[in-house]
Amino acid sequence: MATLTEQTDEQLLALAMDGHEDAFTALYRRRQGPVYRFALHMSGSPQIAEEVTQDVFVFLAQRGRGFDASRAPLGAYLFGVARNYVRRAMERSFSETLNTVAAEDHTDSLVSPEDTVEGIARGQLFVAVRKAVLSLPEHYREVVVLCDLQELSYAEAAAAIGCAIGTIRSRLHRAHGMLAKKLQNSAAVAPDISGLAARCPS
Amino acid sequence: MICREFAKKVEESSLSELGQTGDAQLLAHERECAACAEWLQQRHVLAGALQSLRSSVAGAEAPLVVEQNVLRAFRQSVPSVPAAEPGPLSPLFAFRLGRVFEFGAYAAAAAALAVSLGLGVWYLEHRQKADSSSAGHKAAAQSSPANSQTEKIAQVPVQAQSPSASDSRRVVGPASARLERPSGSVPVLVEAQQAQGYTPMMLCDPLSCTGDEQLVRMQLPATATDGSQDAQMADVIIGDDGLVRAIRIVQQ
């Protein structure tokens, strides 16, 4: 019999639903990181990310039998559940999650302190990108987070969001344009991205 | 390749793929068109910025308390399975299971024994009753002096006569009188009737002999007697069902 680490997500879930706590623990440890980071990118708040991660896996423990592997992989399914919990959490604390000061404080803590000119510019770029991502409308932000930050394929992102692959592609393209424009308008943007929103002549 | 095709191809590729593209047509157009080259460069910069954002939280995970809370919720919502895998029975468990089956076998054997014992007792009692009744009937039939008459009478439907009836069957004494039934079982009744000179006419079963009985003195029809011209009187005990229980020839 294969060990728990060799089992697929779906096999682990099936074992967990049969009462095997070890399988559920293995599944949690395998999938909590991506879910947490997704919630962190979407909300910009570690507190909301923790809350969402807990809610997602409690939901899985309680209603994991309803999961249909033929519709989507478990990873995409978890992102879909997390997406809904993020939306609820952000509706509850809308002002807090969009507080740019809080987001800036959080991102500053993630940037390694560099006193070189290049490091400062990189840090500024990082903060600017993070602000730009957080300020995107939700349906654009989630495709950027899923495809660019979580590196899901278009098909996986479509399964998580519940839309067509073409919709993901078009939203992502539009989100990239919006990000470029926001970065161009940002005062903190480094000179190397000042012309980011320039349009193709055609 | 024109600029529109270039833009479409760039859109179809993810940001990470753009930085590693080796498409000859794409690269050729990038060299020819300065505007598209600048636009692609902007995408590269955006890809780099997002890459830095991604790597900044690459190792971020939920704290341990979240895992504890989740596992607590799991234990509450999903029934746990026994820790031990089902395998050969342990000697202790097998012994207990064997004891259960052993007790069950004992109980079944005891129940079967009790049922068979009850049936046996019932059968013996029933057979004893049947034997005693038939023996009494034979003895009465042999001892009665009017045996031949009573046998004939038994074949005649008995009709109780009211005192006002005026025919050849004259009723002497009360036309009918309700008998006091001595308490006891059917053999006891038969013995009591025999002691009073009655001849039982039938073997009473408990159901048919539990009702009231009537004593009727009546004149026997000539056809039921030996053919003598003298009127023969008899006391007849008649049950609720109209059948003769016993008869006694009245000696005149």
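Only a predicted model underlies this, so the values are computations on that prediction, with no experimental measurement involved.

What counts, and where the lines are drawn
- Residues numbered from 1 in each chain as written.
- Chains lettered and ligands numbered in written order.
- Predicted model: local features only at pLDDT ≥ 70, side-chain atom pairs only at ≥ 80, totals over all residues.
- Helix = DSSP H or I, 4+ residues; strand = E, 2+ residues; numbered from the N terminus.
- Contact = placed C-beta atoms within 7 Å.
- Buried ≥ 20, exposed ≤ 12 C-beta atoms within 10 Å, placed from the backbone.
- Expected span 1.5 Å × (residues − 1).
- Core = buried A, V, L, I, M, F, W, Y, C linked by C-beta atoms within 7 Å.
- Axes fitted to C-alpha atoms, helices over the stretch in contact; angles between N-to-C directions.
- Parallel < 35°, antiparallel > 145°, perpendicular 65-115°, else oblique.
- Nonpolar A, V, L, I, M, F, W, Y, C, P; charged D, E, K, R; others polar.
- pLDDT = per-residue confidence, 0-100.
- Pairing = 2+ DSSP bridges.
- Left-handed = near helix turned anticlockwise from the far one by under 90°.

What about the overall build of chain B?
Each helix and strand in chain B was counted, giving eight helices and five strands. The linear arrangement of helices and strands in chain B, starting from the amino end, is α-α-α-α-α-α-α-β-α-β-β-β-β. Of the contacts made within chain B by residues no fewer than 6 positions apart, 63% connect residues no fewer than 24 positions apart.

Quick notes on the overall build of chain A
Assigned secondary structure in chain A consists of ten helices and zero strands. Along chain A, from the amino end to the carboxyl end, the secondary structure elements read α-α-α-α-α-α-α-α-α-α. Put simply, chain A has 202 residues, and 41% of those count as buried. Taking the intrachain contacts of chain A between residues at least 6 apart in sequence as the baseline, contacts between residues at least 24 apart amount to 61%.

Considering helix H4 (residues 74-92) of chain A
With 19 residues, H4(A) extends 27 Å between its outermost C-alpha atoms, agreeing within 8% with the 27 Å of an ideal straight helix rising 1.5 Å per residue. Residues of H4(A) that are buried include every one of Leu74(A), Ala76(A), Tyr77(A), Leu78(A), Phe79(A), Val81(A), Ala82(A), Arg83(A), Tyr85(A), Val86(A), Ala89(A) and Met90(A), and no others.

Considering the nonpolar core
By size, the foremost hydrophobic cluster in this structure holds 64 residues, and its most contacted members are Ala39(A), Val52(A), Val56(A), Ala82(A), Val86(A) and Val129(A). With eleven residues, the single largest contributor to this core is H4(A). Contacts of Val86(A), omitting those with residues within four sequence positions, involve Ala39(A), Met42(A), Ser43(A), Ile48(A) and Val52(A). Tyr198(B), Ile237(B), Val244(B) and Ile249(B) belong to the second largest nonpolar core, which has 14 residues in total.

Concerning the packing of helix H10 (residues 165-185) of chain A against helix H4 (residues 34-56) of chain B
At a closest axis distance of 11 Å, the pairing of H10(A) and H4(B) adopts a crossing angle of 85°. What the angle tells us is that H10(A) and H4(B) run roughly perpendicular. The segment H10(A) lies against H4(B), with His176(A), Leu179(A) and Ala180(A) engaging Gln42(B), Arg43(B) and Leu46(B). Broken down by class, the residue content of the contact of H10(A) with H4(B) amounts to three nonpolar, two polar and one charged.

Things to note about the environment of Val81(A)
Residues and elements named next belong to chain A. In this fold, valine 81 is placed in helix H4. For valine 81, a count of 20 C-beta atoms within 10 Å gives the class buried. Non-local contacts of valine 81, meaning those with residues more than four positions away in its chain, are made with Val56 and Phe59.

What about the confidence of the model for chain B?
All names here are of chain B. Per-chain confidence: chain B averages 71 in pLDDT, with 58% of residues scoring 70 or above. Within chain B, the element-level pLDDT minimum falls on helix H7 (residues 147-154), averaging 45, and the maximum on helix H5 (residues 64-77), averaging 91. Considering only residues more than four positions removed or in separate chains, one finds that residues 145-175, a stretch of pLDDT under 50, has 42 contacts. The complex prediction reports pTM at 0.54, with the ipTM value standing at 0.77.

What to know about the pairing of strand E4 (residues 233-239) of chain B
Residues and elements named next belong to chain B. The buried fraction of E4 is high, at five of seven residues. Sheet topology places E4 next to strand E5 (residues 244-249); five bridges connect them, and they run antiparallel. In the sheet register, isoleucine 238 faces E5, and the bridge partner there is valine 244. Between E4 and E5, which follow one another and run antiparallel, lie four residues, and glycine 242 among them has a positive phi close to 85°.

Details of the packing of helix H1 (residues 9-17) of chain A against helix H2 (residues 21-43) of chain A
All names here are of chain A. Contact geometry for H1 and H2: axes closest at 8 Å, N-to-C directions at 140°. Judged by the angle between their axes, H1 and H2 are oblique. The crossing of H1 and H2 is left-handed. Of H2, the residues touching H1 (which contributes Asp9, Leu12, Leu13, Leu15 and Ala16) are Ala23, Phe24, Ala26, Leu27 and Arg31. Here the residues of the contact of H1 with H2 sort into eight nonpolar, no polar and two charged.

Some details on the interface of chain B and chain A
Chain B puts 39 residues into the contact, and the matching count from chain A is 46 residues. At the level of elements, helix H1 (3-12), H4 and H5 of chain B are the ones that each hand at least two residues to the side of chain B that touches chain A. Per-element tally for the side of chain B that touches chain A: the top contributor is H4(B), with 14 residues. Of the residues belonging to the side of chain B that touches chain A, the class tally is 24 nonpolar, seven polar and eight charged.

A word on the pairing of E5(B)
Residues and elements named next belong to chain B. Burial of E5 is extensive: six of the six residues sit out of reach of the surface. Here strand E2 (residues 199-200) pairs with E5 via two bridges, running antiparallel. By the bridge assignment, proline 200 is partnered in E5 with alanine 246.

Looking at the confidence of the model for chain A
Residue and element names in this part refer to chain A. Summary statistics for chain A give a mean pLDDT of 80 and a share of 76% for residues scoring 70 or more. Averaged pLDDT values for the elements of chain A fall to 48 in helix H6 (residues 100-110) and rise to 93 in helix H3 (residues 46-63). Between residues 107-114, whose pLDDT stays under 50, and residues either more than four places distant or in other chains, the model counts eleven contacts.

What to know about unusual backbone geometry
Positive phi is not limited to glycine here, since Glu151(A) has a value of about 55°. Its 13 C-beta neighbours within 10 Å are what place Glu151(A) among the partly exposed residues.

Side note on the environment of Gln41(B)
Residues and elements named next belong to chain B. Mapped onto the elements of the fold, glutamine 41 is located in helix H4. Under the C-beta neighbour-count criterion, glutamine 41 is labelled partly exposed, with 16 such atoms within 10 Å. Sequence separation between glutamine 41 and glutamate 30 is eleven residues; the distance between their C-alpha atoms is 9.6 Å.

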